[in-house]
Amino acid sequence: MGSLRLMRYATLAVTAAIWFLAKFVRYAFPPLFEAFQASYGLSVATVGLVYTGLMTVYALLQFPSGMLSDRFGSVQVITAGSIVAALGSLTLVFDAPAPLFVVAAVLVGAGTGAHKTVSIRVLSRVYPSRTGRVLGIFDTIGSYGGVGASAVVTLFLVVPPIARPLISRLPGEPWRGVFLLAGLFGILLAAAFAWLVPGQLAATDDSNATQDDGRDPTVFDYLRQFSDLRFSAFILVTIFFSFAYNGAVAFLPLYLSETADFTTTTANLLYSVLFALSIVQIVTGDISDRTGRLPILVVTLVVAAAALVALVVFASAGPLVLGSAVVALAVGSHGFRPVRGVYLVEILPEWIAAGGLGVVRTLLMGAGAVSPAIIGYVADVFNFRIAFVVLAASMAGAAALAAGLLLSERDTSASVWGT
């Protein structure tokens, strides 16, 4: 009985492991910028441009990966993406000309970009009664990919004596071992996913069907969902949230240093708290399985908005008050994200759920991408306090829209889009 229970969570385990590895390999790039410069003879600007290209390809793959999943199946897309990312990592293992470094970065961006959108759909199918909890676990594990990347990169850059005999056998510089590990584990996880997941999807009566009326979904089928006012309103919720959260993440240390007059050490410590509390996603996801999605979405957004308001109003109140505001921001922001994914999957028609989610993720990632530039401009023209007023207003707007959706919620069977 115990072994059967463990097997039931095999899909979650392997899918979360791939997501951890996807974040790991992306976040392994920045700590290695100096090594890339030395190995490939590139300037700082060029290395930064290559990494921007990686992240841009990652963002642009959200919708195509979802659309391909709706047409050909989620297992095929995730397996192929994992293999592509692994090949990109393995390309960095050996000394090669600079153009191959660019190719490797693009492959990593494309391969990792094929995972998150499709994975949400897979997990919602395999665990329909506990999707919130499962996505909370999934996102939490992924959140620590960056932490793992930093630790492993440090290990290969500053090799401890006990590891020198092994790492000295690697081809080229020691840092290339980071990508050797990522590539090998990527291939192993791709094989595990292709072997384990199809059976569990079949057991939930999911045959990876691509259509509901005998035809493949088109771009128009995805865009048509925006004609539903409640759907469009929730997209605005996600856009406002992403703008506020990414702006806060980008400038919180500077805000605490320049506006609150904190030391760099204190500001960075509070900044790390913002990420350490990502484990709250498991709690909010689980609660949403029991109470419904929209109430938790509203509560988490209100908490996050109140936290940003507190950061502005009590900017001179000291570490205890502002530290409490940062904790609240972490709880609200991280708590919102897994429930958002579940809610979107539930309101999208079954046959275009993955592609529809890809459209939404493209929009929210776009909003998140432009936020640092806009907030940085506002801070330069005015000051950081005004910039954080803009962020607080954006988060409050998301909370107000979500509250309006909750108050006007109607039976989903009366929805204009049906399945």
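All values reported here derive from a predicted model rather than from experimental measurement. (Residues numbered from 1 in each chain as written. Predicted model: local features only at pLDDT ≥ 70, side-chain atom pairs only at ≥ 80, totals over all residues. Heavy atoms only, no water.)

Participant: Residue-level account of the overall build of the protein chain, with values.
Facilitator: Looking only at helices and strands, one finds 20 helices and 0 strands in the protein chain. Within the protein chain, buried positions represent 51% of all 419 residues. By sequence separation, contacts in the protein chain at least 24 residues apart represent 83% of the contacts at least 6 residues apart. Total accessible area on the protein chain stands at roughly 17,900 Å², and carbon and sulfur atoms take up 70% of it. (Helix = DSSP H or I, 4+ residues; strand = E, 2+ residues; numbered from the N terminus. Buried < 20%, exposed > 50% of the residue type's maximum accessible area, 1.4 Å probe, protein only. Contact = heavy atoms within 4.5 Å. Areas by Shrake-Rupley, 256 points an atom, 1.4 Å probe, with all protein chains shown as cover.)

Participant: Could you give me a rundown of helix H12 (residues 176-203), with the residues and numbers involved?
Facilitator: Over its 28 residues, H12 runs 41 Å from end to end, which matches the ideal 40 Å to within 8%, given 1.5 Å per residue. The sharpest bend along H12 reaches about 30° and sits at Val197, with the proline Pro198 one to four residues further on. (Expected span 1.5 Å × (residues − 1). Bend = angle between axes of the 7 residues up to and from the residue.)

Participant: Residues and numbers for unusual backbone geometry, please.
Facilitator: Even without being a glycine, Asp261 presents a positive backbone phi close to 60°. Within the fold, Asp261 resides in the loop between helix H14 (229-258) and helix H15 (264-276). Asp261 sits in the exposed class, given a relative accessible area of 66%.

Participant: Tell me about the packing of aromatic side chains, and please be specific about residues and values.
Facilitator: With the rule as written, the count across this model stands at 19 aromatic pairs. Relative to Phe138, the ring of Trp19 has its centre 6.0 Å away and its plane inclined at 15°; by these criteria the two rings are stacked. With Trp19 in helix H2 (residues 10-27) and Phe138 in helix H9 (residues 131-143), this residue pair connects regions lying 119 residues apart in the sequence. Between Phe36 and Trp175 the ring centres are 5.3 Å apart and the planes differ by 80°, which places this aromatic pair in the edge-to-face class. With Phe36 in helix H3 (residues 33-40) and Trp175 in the loop between helix H11 (164-167) and H12, the pair connects residues that are 139 residues apart, well separated along the chain. Taken individually, Phe36 and Trp175 each receive the classification buried, so the pair is uniform in this respect. Taken together, the aromatic side chains of Phe29, Phe33, Phe36, Tyr40, Tyr51, Phe101, Trp175 and Phe179 make up a single cluster linked through ring pairs. Cation over ring: Arg26 sits above Tyr58, and NZ or CZ is 4.0 Å from the ring centre. (Phe/Tyr/Trp six-rings, centres within 6.5 Å; stacked < 30°, edge-to-face > 60°. Lys NZ or Arg CZ within 6 Å of the ring centre and 35° of its normal.)

Participant: Residue-level account of the environment of Ala354, with values.
Facilitator: Considering the arrangement of structural elements, one finds Ala354 in helix H19 (residues 353-381). On the accessibility criterion, Ala354 (0% relative accessible area) is buried. Here the alpha-carbon distance between Ala354 and Ser69, two residues 285 residues apart in the chain, equals 6.5 Å. Not counting chain neighbours up to four residues away, the residues in contact with Ala354 comprise Gly66, Ser69, Asp70, Thr117 and Arg121.

Participant: Describe the nonpolar core, with residues and values.
Facilitator: Side chains of a nonpolar character, in soluble globular proteins, are inclined to be buried together. Phe29, Phe179, Leu308 and Leu311 are the most contacted members of the largest nonpolar core, which has 113 residues in total. Element by element, the count of residues in this core is highest for H14, at 15 residues. Both of domain 1 (1-200) and domain 2 (218-409) provide at least three residues apiece to this core. Apart from residues lying up to four places away in sequence, Leu308 is in contact with Ala244, Ala248, Leu329, Phe388, Leu391, Ala392 and Met395. The next biggest cluster of nonpolar side chains, apart from the first, holds 6 residues, and it includes Phe63, Tyr222, Trp351 and Ile352. (Core = buried A, V, L, I, M, F, W, Y, C linked by side-chain atoms within 4.5 Å. Domains from an automatic or database assignment.)

Participant: Describe the environment of Phe193, naming the residues involved and giving the relevant values.
Facilitator: Inspection of the secondary structure assignment puts Phe193 in helix H12. Phe193 sits in the buried class, given a relative accessible area of 0%. Sequence separation between Phe193 and Ile78 is 115 residues, and the spatial gap between their C-alpha atoms is 8.2 Å. The residues contacting Phe193, other than those within four sequence positions of it, are Val14, Thr15, Ile18, Ser74, Val75, Ile78, Thr79 and Pro198.

Participant: Break down a nonpolar patch on the surface for me, with residues and values.
Facilitator: Taken together, the side chains of Val309, Val313, Phe314, Leu320 and Val321 make up a nonpolar region of the molecular surface, amounting to roughly 470 Å² of accessible area. At the level of elements, helix H17 (293-313) and helix H18 (319-347) are the ones that each hand at least two residues to the nonpolar patch. Along the polypeptide, Leu320 turns up in helix H18. (Patch = residues over 30% accessible without salt bridge, like charges linked within 9 Å, V, L, I, M, F, W, Y side chains within 5 Å. Salt bridge = Lys/Arg side-chain N within 4 Å of Asp/Glu carboxyl O.)

Participant: Tell me about the side chain of Gln62, and name the residues and values.
Facilitator: Along the chain, the position of Gln62 falls in helix H5 (residues 62-72). Residues in contact with Gln62, not counting those within four places in the same chain, are Gly113, Thr117, Gly358, Arg361, Thr362 and Met365.

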